[in-house]
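As a plain string of letters, each chain reads:
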Amino acid sequence: MKVAVLGAGAIGAYVGAALHRAGADVHLVARGPHLTAMRRDGVRVLSPRGDFTARAHATDDPAEIGPVDFVLLGLKAHSYAACGPLIEPLLHDTTAVVAAQNGIPWWYFHRHGGPHDGHRLESVDPGGTVSAVLAPERAVGCVVYAATELQGPGVVRHLEGTRFSIGEPDRRVSARCAAFGDAMRAGGLKCPVEPDLRNDIWLKLLGNISFNPISALARATMRQMCLHGGTRQVIETMMRETLAVAEALGCEVGVSIERRLAGAERVGDHRTSTLQDLERGKPLELDVLLAAVVEMAEITGVEVPTLRTVHAISDLLALRSAA
């Protein structure tokens, strides 16, 4: 199996290292000091499950790699529309794109069935610019339940979790999903092939849609948000509204809000990825987390006043931080 990791940051390099360790032909696409370190020393993974080093091929030029069987997309969702020149050299007729992203993916309504089948969400695929680069037919969905961070160039610290759930938009258990899942498991990761990955998308989103924007607005950690009475109430309301949209689209999350909050509180003083991006002056990935669900509420007729309010304020924050 030949795999290219486009955007080999903390998650991408971690998965690439695991696949390489299992014998896959892995190619990491990155840039800057991180690329220099991976070329020189390989990917060093520091993990409570055991440290290891993977010396996979690393480059900043996908043309060196050529067509592959799978592209693992480790880029932020707001970079998808512009990634055409990077991904095109990696594609052949049957190349699958495994998008390891948070939030609502651009392919969400592709082969969804029902009244919204084929609907394009403007918030995540504006003007069809993402679909033009990443054809929905190539998409294999991926929901990440692992926490990693770059400790330094070429060094990935694995904090917790090894589960990467995958699935087809049309809910088939396909041969390509089975093959990718087998390779991931051979590398020591959990990779269930879900019959309907959209349920997992909403489960993960239940936390991201509430904690991520609030953390950026309040400059607060997970624990701080859970222990503050007013903020906790806002988060609970956002979660209830999110569940209502999911249910209107036929999805069942299967986890109570109380359990989700308790799990978040146990995480402790962790800063969400959105807060970290704000502190580092990076773009805030809120369209796929929040704007998409507000748009989905519009097409399903679900009332989401709190989501709309938080979206308006956090959208202004994103615009001001990008200025």
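About the criteria used
Residues numbered from 1 in each chain as written. Predicted model: local features only at pLDDT ≥ 70, side-chain atom pairs only at ≥ 80, totals over all residues. Heavy atoms only, no water. Salt bridge = Lys/Arg side-chain N within 4 Å of Asp/Glu carboxyl O. Buried < 20%, exposed > 50% of the residue type's maximum accessible area, 1.4 Å probe, protein only. Helix = DSSP H or I, 4+ residues; strand = E, 2+ residues; numbered from the N terminus. 1 Å grid on protein atoms, 1.4 Å probe; cavity = no way out; pocket = protein on both sides within 12 Å on 5 of 7 lines; lining within 4 Å. Points joined across faces, edges and corners; volume = space filled by probe spheres on them. Nonpolar A, V, L, I, M, F, W, Y, C, P; charged D, E, K, R; others polar. Contact = heavy atoms within 4.5 Å. Expected span 1.5 Å × (residues − 1). Axes fitted to C-alpha atoms, helices over the stretch in contact; angles between N-to-C directions. Parallel < 35°, antiparallel > 145°, perpendicular 65-115°, else oblique. Left-handed = near helix turned anticlockwise from the far one by under 90°. Core = buried A, V, L, I, M, F, W, Y, C linked by side-chain atoms within 4.5 Å. Pairing = 2+ DSSP bridges. Phe/Tyr/Trp six-rings, centres within 6.5 Å; stacked < 30°, edge-to-face > 60°.

A. Molecular detail of the pattern of salt bridges. Going through the model one piece at a time under the given rule, you end up with 17 salt bridges. Of the charged contacts in the structure, one is a salt bridge between Glu168 and Arg176, with a shortest N-O distance of 2.7 Å. Given a relative accessible area of 4%, Glu168 falls into the buried group. You can call Arg176 partly exposed: its relative accessible area is 23%. Asp182 is the salt-bridge partner of Arg185, the closest N and O atoms lying 2.8 Å from each other. With a gap of 3 residues between them, Arg185 and Asp182 both fall in helix H5 (residues 175–186), about one helical turn apart.

B. Spatial organisation of the layout of surface pockets. Approximately 310 Å³ is the volume found for the second largest pocket. Taken together, 19 residues line the second largest pocket, and the ones lying closest to its centre are Ala77, His78, Ser123, Leu284 and Asp287. If you list the elements that add at least two residues to the lining of the second largest pocket, you get helix H4 (129–133), helix H11 (287–300) and helix H12 (305–322). Residues that form the lining of the second largest pocket fall into these classes: 13 nonpolar, 3 polar and 3 charged.

C. Molecular detail of the environment of Arg163. Considering the arrangement of structural elements, one finds Arg163 in strand S9 (residues 155–167). The class of Arg163 is partly exposed, set by a relative accessible area of 29%. Through-space distance from the C-alpha of Arg163 to that of Ser79 is 24 Å; in sequence the pair is 84 residues apart. Those residues in contact with Arg163, other than ones at most four positions away along the chain, are Val143, Val144, Tyr145, Ala146, Lys190, Pro192, Glu194 and Asp200.

D. Spatial organisation of helix H6 (residues 197–218). Helix length check: H6 (22 residues) gives 32 Å between terminal C-alpha atoms against 32 Å at 1.5 Å per residue, within 8%. Within H6, 19 of the 22 residues are buried, leaving the element largely enclosed by the surrounding structure. Phi for Arg219, located one or two positions after H6, is positive at around 55°.

E. Spatial organisation of the packing of helix H8 (residues 229–248) against helix H9 (residues 257–267). At their nearest, the axes of H8 and H9 sit 10 Å apart, and the two run at 130° to each other. Classified by the angle between their axes, H8 and H9 sit oblique to one another. Crossing of H8 against H9: the hand is right-handed. Judged by residue contacts, Arg232, Ile235, Glu236, Met239, Arg240 and Leu243 of H8 engage Ile257, Arg260, Leu261 and Glu265 from H9. Classifying every residue of the contact of H8 with H9 by side-chain character gives 5 nonpolar, no polar and 5 charged.

F. Spotlight on the packing of H11 against H12. At their nearest, the axes of H11 and H12 sit 10 Å apart, and the two run at 140° to each other. The pairing of H11 with H12 is recorded here as oblique in orientation. For H11 against H12, the interelement crossing comes out left-handed. Between H11 and H12, the contacting residues are Leu290, Ala291, Val293, Val294 and Glu298 on the first element and Leu307, Arg308, Val310, His311 and Ser314 on the second. Of the residues assigned to the contact of H11 with H12, the class counts are 6 nonpolar, 2 polar and 2 charged.

G. Up close: the nonpolar core. Core analysis: the largest hydrophobic core is formed by 69 residues, its most contacted members being Ile104, Tyr108, Leu134, Trp202, Phe211, Val245 and Met296. In terms of residue count, H6 provides more of this core than any other element does, 10 residues in total. Setting aside residues up to four positions removed in sequence, Ile104 forms contacts with Leu121, Val124, Ile201, Trp202, Leu205, Val288, Ala292, Val293 and Met296. Judged by nonpolar contacts, the second largest core, of 39 residues, contains Val15, Val43, Ala183 and Met184.

H. View of the pairing of strand S2 (residues 25–29). Burial within S2 is extensive, with 4 of its 5 residues counted as buried. Bridge count for strand S1 (residues 2–6) against S2 is 5 bridges, and the pairing is parallel. Within the sheet, the bridge partner assigned to Lys2 lies in S2 and is Asp25. As defined by bridge partners, S2 adjoins strand S5 (residues 57–59) across 3 bridges and the pair is classed as parallel. Residue Val29 lies in a different strand from S5, and its bridge partner there is Thr59.

I. Inspection of the packing of aromatic side chains at higher detail. This model, assessed by the stated rule, comprises 4 aromatic pairs. Ring centres 5.0 Å apart and planes at 45° place the aromatic pair Phe70 and Phe180 in the tilted group. Residue Phe70 is found in strand S6 (residues 70–73), and its partner Phe180 is found in helix H5; the two are separated by 110 residues along the sequence. Judged by its relative accessible area of 6%, Phe70 falls in the buried class. Residue Phe180 is classed as buried on the basis of its relative accessible area of 2%.

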